[in-house]
Every structure is written in structure tokens, then in C-alpha cells.
Amino acid sequence: MFGKIRPFKIRSLNDNKKYGVAAGDIKELLKKGCNLLQLPLSGAHVCLYADGTKVTKEFFVTLPENTELVLLGKSQTWGGVTPSEKDISILAICDVARLLSSDSHADDLIQVAKGLLSDEKSLKRQKILSDLIRNLEDTSELESRDEDQDWFTGVAARFKTKSAYLKDNCASRIRSYKKELDEAVRSERRAQIRIKCLQASEKLTQMLRSDKNIGCYFDRTQKEMQRLCTREGWFTCQGSFDQAKCLSLHSINPYGSRERRILFSTWNLDHRIEKKRSVIPALLEALHNHKCEDVNLDYFYRLLFTWDNLKLVHIVCHKKEAHNLQCDPQQILKADNKKRHRKKMRLK
């Protein structure tokens, strides 16, 4: 069955003139090439012009468009040419594509990348290759401290697994939002208002405790609907507050290495409706004008602590400008109390 038709450039062993041939598989390429270059089809084969690597059926599907090839007869051979910078790039792409399309272990790809890096002069490509190697040297399949001691360097001894540490890391972030609310409550000078604020704060604390401070978001052992990562531990950036997704496709697996664990600390749980500019002021204003039991604390809980209003974002996608998003006025009070409040306003 033919694959996607792609263009290639072929030449014969003794002719530098190149010809364009489009083919969907190696058989079609050989048939068209032999017809064009007037070579017997029996025993014909194709090699990379760059280094003489024989193109097999499996290797063919990894070749980039317009790869330069040499069409050889049954007894002919080709050892390649001194590669140009372009040829090296194509060869590197072919090597990586061939490994990615197979079931080879990542160690094979690491060795290829290290081999390329050892002779690389371009600083840009050195950075690309070193980043590739660093990302491939992955221990995300390991979970416990005993299995991956390097990952736990600098981590408190009470954490025995990666999931436990990252769960606590998430819970710590969530608790910090509660501390910001508590600071705002303590700044309230009027005693009666402060009492209502303290009551609301205590109820929110109880709700957080019931949900174990929502540490599940970073814990890969949780159920799919309760975590922000894959079962392997991969997180993807959800894009800035004003975007539906991350246009840069940022991703990270903090379970994979100590370096990525540390880098993950720069990712943010960003409030779409900002907690300091909008959520906390709206909550305090509601408590100024209404009884604590009349305020819809479930709504404010979701805004402050859950992914109803939180987006996990790479530091580059974390916009610190004003979001200009406000709390829904229809959600601030409980349903029954909204009716009473409207009736009271009509009577004034």
C-alpha cells in the first residue's frame, strides 16, 4: 500500500545531474528511477547521497522531502561524499526520525545525539542537542527515593516518593492563596466585619482540609479527572489567562529529573479572575454587606483554589498585567439570599 507521495532528488552513480522523482514507497521510487535513468530494475537499490546509507523500506518513510539519493545498479556501491552543513543536518534528521519510528530505547537516541554534539561547532545546534539529551535522560518511570536518589537531592527526608513530594508542593501553593486571604482579613479594622470575615475564612479552611488542600493536581497517582498531568507525569502549559491554549506547546515532566523538578517550580497556577485584584476584594465586600451564611462561599472557594479559575502556565505564558476579569455578581450570594436582597432593594 502506497504511503504519502513525496518528492526526492535522484542521480546515477556516474552523473551529477539530479532528477526529481515523486514516490510513495521504495518500490515506486525504484521503478520510476530506473525508468528515468535507464537502469535495470532487477537488483537496483538506493542510497543516501550524503553518506551512502542504504535506503530500506522502513528507512524510506523517515526521509525528509527532497532528500538527495543515488540510484545504483546491482553491483554498484556508493560511499557518500564529504558532507556539507546541509547534508549533516539531513543526515541527523534521518537518524533521529529512524530511531523515533522504531521501538529502540531512548538510550540509542541519546548516543546519536551525543555523537553529533561531540563534533558540533554551532552554538545554536549545541544548545538544541544538549537540551535533547537532557530531556531524554529521563527517570520518570522511577518513583521512590531508593530508586532515584539524585531526584530527591534537596528534598526533605519525610518524602519517600516523587508523587508525595509533588502533591505536597501543589498543596503548599494552594495554602498560600488562603494565607493571602487571611492577611486581607486581618487588615479589616471594624470588629463586626472582621468577625464575619474570620467565620468565612474558617469555613474555607475546613473545605480545603476536606479536599486535602487539593494537592491532587500534581500527583500522577490520582485519577485522571483529579490531576493536571498524564500518568507518566507530563504537564502541558494551558496558555495565558486570555488564551484557550499554549501557542508555544510548553510541556515538562518534573518526575523525570532533579533539574526538571526544580524548573517546574517556576511554572505558575495562575488565577484567570485575579485573587488580589478581584476575588478577595469581592468576597470582603460581600461580607461587608451580608451575613456570612448568605455569601456563596462555594463560589469563592472554586475561584481561589480550583481549576475552575486556575490555569497551569509556563513562566513565559504567565502575564502579570491586569486581567480585567470580575467575579460573576449572580454567583456572589446564595440563590435564596439573592431573592431576599433584590426584594430589600425594591423596598428602599
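To keep things clear, this report deals only with the structure shown in the data block. Please read all numbers here as calculations on a predicted model, not as lab measurements. (Residues numbered from 1 in each chain as written. Predicted model: local features only at pLDDT ≥ 70, side-chain atom pairs only at ≥ 80, totals over all residues. Heavy atoms only, no water.)

1. So, the pairing of strand E4 (residues 68-72)
In the case of a regular strand, side chains alternate between the two sheet surfaces. When you tally the buried positions in E4, you get five out of five residues, the bulk of the element. Residue alternation in E4 divides its side chains into two sets, Glu68, Val70 and Leu72 and Leu69 and Leu71, and both sets are buried. Summarising the sheet, strand E3 (residues 45-48) and E4 pair through four bridges and their orientation is antiparallel. Within E4, the position partnered with His45 by the bridge is Leu72. (Buried < 20%, exposed > 50% of the residue type's maximum accessible area, 1.4 Å probe, protein only. Helix = DSSP H or I, 4+ residues; strand = E, 2+ residues; numbered from the N terminus. Pairing = 2+ DSSP bridges.)

2. Focus on the side chain of Lys275
Mapped onto the elements, Lys275 comes out in helix H9 (residues 275-289). Of the residues examined, Lys275 reaches a relative accessible area of 16% and is grouped as buried. A distance of 3.5 Å separates polar atoms of two side chains, one belonging to Lys275 and the other to Glu180. Setting aside anything within four residues of it in sequence, one finds Lys275 in contact with Tyr177, Glu180, Ile280, Pro281 and Leu304. (Polar contact = N/O pair within 3.5 Å; in protein donor to acceptor, adjacent residues only side chain to side chain. Contact = heavy atoms within 4.5 Å.)

3. As for the side chain of His323
Looking at the element boundaries, His323 is found in the loop between strand E8 (310-313) and helix H11 (335-347). Within the local environment of His323, its side chain forms a polar contact with the backbone oxygen of Arg272, the two atoms lying 2.8 Å apart.

4. Observations regarding the sheet that holds E4
Read across the sheet, four strands follow the order E2-E1-E4-E3 without closing on themselves; strand pairing throughout is mixed. Sheet topology places strand E2 (19-23) and E3 at the edges, where each strand pairs with a single neighbour. For this sheet the average axis-to-axis angle between neighbouring strands, irrespective of direction, equals 45°. Packed on one face of the sheet, helix H1 (residues 26-37) meets strand E1 (6-12), E2, E3 and E4 and runs near 150° to E2. (Axes fitted to C-alpha atoms, helices over the stretch in contact; angles between N-to-C directions.)

5. What to know about the packing of aromatic side chains
Pairs of aromatic rings are described using the distance from one ring centre to the other and the angle between the two planes. Under the counting rule described, the total for this entry stands at twelve aromatic pairs. An angle of 45° between the planes, with centres 5.1 Å apart, marks the rings of Phe8 and Phe60 as tilted. With Phe8 in strand E1 and Phe60 in helix H2 (residues 57-60), this residue pair connects regions lying 52 residues apart in the sequence. Pair check on accessibility: Phe8 and Phe60 agree, each one buried. With 5.5 Å between their ring centres and 65° between their planes, Tyr299 and Phe300 make a pair best called edge-to-face. When sorted by exposure, Tyr299 lands in the same class as Phe300, which is buried. Joined through ring pairs, the aromatic side chains of Trp151, Phe152, Phe159 and Tyr165 make up one cluster. Its guanidinium or amino end placed over the ring of Trp151, Arg261 lies 5.2 Å from that ring's centre, counting from NZ or CZ. (Phe/Tyr/Trp six-rings, centres within 6.5 Å; stacked < 30°, edge-to-face > 60°. Lys NZ or Arg CZ within 6 Å of the ring centre and 35° of its normal.)

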